[in-house]
Amino acid sequence: MIPWPELHLRARELEPALTETLSRLPATDCGRRGACCALLPPMTLLEALRLGRTAMGWPIVDRLRLQCRLVEYFLENAVRIPGCPFLEGTLCRVYETRPYGCRAYGLWSGQAHERQARASAAAKKAVHKAWHGLGIELPRQVTHHRPAYCHQVRARMGPPVSDQDLEAIGREVRALSARLGPWDQEFQTHYSGDLGFMLTVALLGMNTALQAKVEVTREILGRGKCGITDQWTGLARATVLGWGDETSATSRNRVQSR
Ligand code: SF4
């Protein structure tokens, strides 16, 4: 059981240090086309909890909408590129508290971008293989999706930041998150640093979340659309963004006993 209250408390204590570390990345301007926001960014648990706290300050209807979008994102991202759940049109709804990955995007050199794209392609190949083992062939536009290098991001002031500086800041963010204890590593190894995955598991439990994803994936590949996703996001709509609070546990039990 994830100790949410304790995690949130520790994350709040670490937040000033996280803000200070991220502030060493230069403020940037970009074309705001949202092209790099096609996917939910990889993030640390500390950053995920900060996004959760940001959303807790929103009107409840917006929170529920985000919660549904995160669940939908997790359920459908094997078959389509859904767009980051925090993207509204071409604007980021959490711009001030967006994770390191989003802040650094476009600041890397072309060579570093290429290295990261190759690592990401290798990871996608492994995912493709796992689905193949279930008898499911994922579409090429997903397995070969690769965000283009962005030439539009510009640091507002000061000299360009080097790849080494970006790496050092990334290491500091990860070190801060590691102070949350074993759950930080758990978030990376069990949830692949995917906030949508973690939230869906908090709502449905691990087995049901994975079964739902396979069911939705088969349905979309077979029929080109999915009515099942709505059933699952309906459950998400039935509870507020508590990420593991009692309401979520009650809803989960209700679905699992169906
Ligand atoms: S969090 Fe914001 S900046 Fe990052 S990918 Fe999502 S919409 Fe884009």
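Note that residues are indexed from 1 along each chain, following the sequence as it is written. Since the coordinates come from a predicted model, pLDDT governs what is reported: local features require at least 70, and pairs of side-chain atoms require 80 or more to be given and counted, while whole-chain, interface and lining totals use all residues.

With that settled, the discussion passes to the overall build of the chain. Under the DSSP-based scheme used, a helix requires at least four consecutive residues in state H or I and a strand at least two consecutive residues in state E, with every element numbered from the N terminus. Scanning the chain for helices and strands turns up twelve helices and four strands. Counted over contacts in the chain with a minimum sequence separation of 6, partners at least 24 positions apart contribute 83%. C-beta atoms are placed from the backbone for every residue, and two residues are taken to be in contact when these atoms lie within 7 Å.

This next bit is on the environment of Cys 37. Mapped onto the elements, Cys 37 comes out in the loop between β1 (28–29) and α2 (45–56). Burial is judged by counting other C-beta atoms within 10 Å of a residue's own C-beta: 20 or more means buried, 12 or fewer means exposed, and anything between counts as partly exposed, with every C-beta placed from the backbone. Overall, the presence of 21 C-beta atoms within 10 Å leaves Cys 37 in the buried class. As for Cys 37 and Pro 147, which are separated by 110 residues in sequence, their C-alpha atoms are 9.0 Å apart. Sequence-distant contacts of Cys 37, that is, excluding residues within four places in its chain, are made with Gly 83, Cys 84, Leu 87 and Cys 92.

Despite not being glycine, Ser 192 has its phi angle at roughly 50 degrees, a positive value. Looking at the element boundaries, Ser 192 is found in the loop between α8 (182–191) and α9 (195–204).

With that settled, the discussion passes to the environment of Gly 181. Tracing the backbone through its elements, the reader meets Gly 181 in the loop between α7 (163–178) and α8. Owing to 13 C-beta atoms within 10 Å, Gly 181 belongs among the partly exposed residues under this scheme. For the pair Gly 181 and Arg 10, spaced 171 residues apart in sequence, the C-alpha to C-alpha distance is 9.6 Å.

On to the environment of Tyr 73, then. Relative to the helices and strands, Tyr 73 is located in helix α3 (residues 60–76). Accessibility expressed as a C-beta count within 10 Å gives 24 for Tyr 73, which makes it buried. With eleven residues separating them along the chain, Tyr 73 and Cys 84 place their C-alpha atoms 7.9 Å apart. Setting aside residues no more than four positions away along its own chain, Tyr 73 makes contact with Leu 40, Pro 82, Pro 85 and Gly 196.

So, on to the site of the ligand. Near the ligand, the surroundings consist of Cys 37, Pro 41, Cys 84, Phe 86, Leu 87, Cys 92, Val 94, Arg 98 and Cys 102. Residue classes follow a fixed rule: Ala, Val, Leu, Ile, Met, Phe, Trp, Tyr, Cys and Pro count as nonpolar, while Asp, Glu, Lys and Arg count as charged, and any other residue, Gly among them, counts as polar. When the residues that make up the shell around the ligand are grouped by side-chain class, the tally is eight nonpolar, no polar and one charged. Using a C-beta atom placed from the backbone, a residue is described as near a molecule or strand when that atom lies within 6 Å of it.

This next bit is on helix α5 (residues 110–133). For a helix, the expected span equals 1.5 Å multiplied by the residue count minus one. Between the first and last C-alpha of α5 there are 35 Å, a value that for 24 residues agrees with the 34 Å anticipated at 1.5 Å per step. Burial analysis of α5 places just zero of its 24 residues in the buried class, which makes it a mostly uncovered element. The first or second residue beyond α5 is Gly 135, which carries a positive phi of 80 degrees.

Next up on the list: α9. The buried count for α9 comes to ten of ten residues, which makes it a mostly enclosed element. Considered for burial, the residues of α9 that qualify are Leu 195, Gly 196, Phe 197, Met 198, Leu 199, Thr 200, Val 201, Ala 202, Leu 203 and Leu 204. In the stretch just after α9, Gly 205 is the one whose phi turns positive, near 90 degrees.

In this model, the chain carries an average pLDDT of 85, and 86% of its residues clear a pLDDT of 70 or more. pLDDT is a per-residue confidence score from the predictor, ranging from 0 to 100. Summarising per-element confidence for the chain, the mean pLDDT is lowest in helix α12 (residues 246–256) (42) and highest in α7 (97). Predicted confidence is poor over residues 243–258, with pLDDT under 50, and the contacts of this stretch with residues over four places away or in other chains come to 27 contacts.

What follows deals with the packing of α9 against helix α10 (residues 206–223). Packed helices, taken two at a time, are described by their axes: the angle between them and the distance between them. All axes here are fitted lines through C-alpha atoms, helices being fitted over the stretch that makes contact, and every angle between N-to-C directions spans 0 to 180 degrees. The geometry of α9 relative to α10 is characterised by a closest axis approach of 7 Å and an angle of 120 degrees between their N-to-C directions. Of the two possible hands of crossing, α9 and α10 adopt the one that is right-handed. Contacts between α9 and α10 involve Thr 200, Val 201 and Leu 204 on the former and, on the latter, Met 206, Thr 208, Ala 209 and Ala 212. Split by residue class, the contact of α9 with α10 holds five nonpolar, two polar and no charged. Here a crossing is taken to be left-handed if its near helix is turned anticlockwise relative to the far helix by less than a right angle, and right-handed if that turn runs clockwise.

Grouped together as the largest cluster of nonpolar side chains are 41 residues, with contacts concentrated most on Leu 46, Ala 48, Leu 70, Val 71, Leu 195, Met 198 and Leu 199. Sorting elements by how many residues they give to this core places α9 first, with eight residues. Setting aside residues up to four positions removed in sequence, Ala 48 forms contacts with Met 43, Phe 187, Leu 195 and Met 198. Only buried Ala, Val, Leu, Ile, Met, Phe, Trp, Tyr and Cys residues enter a nonpolar core, and they are joined through C-beta atoms within 7 Å.

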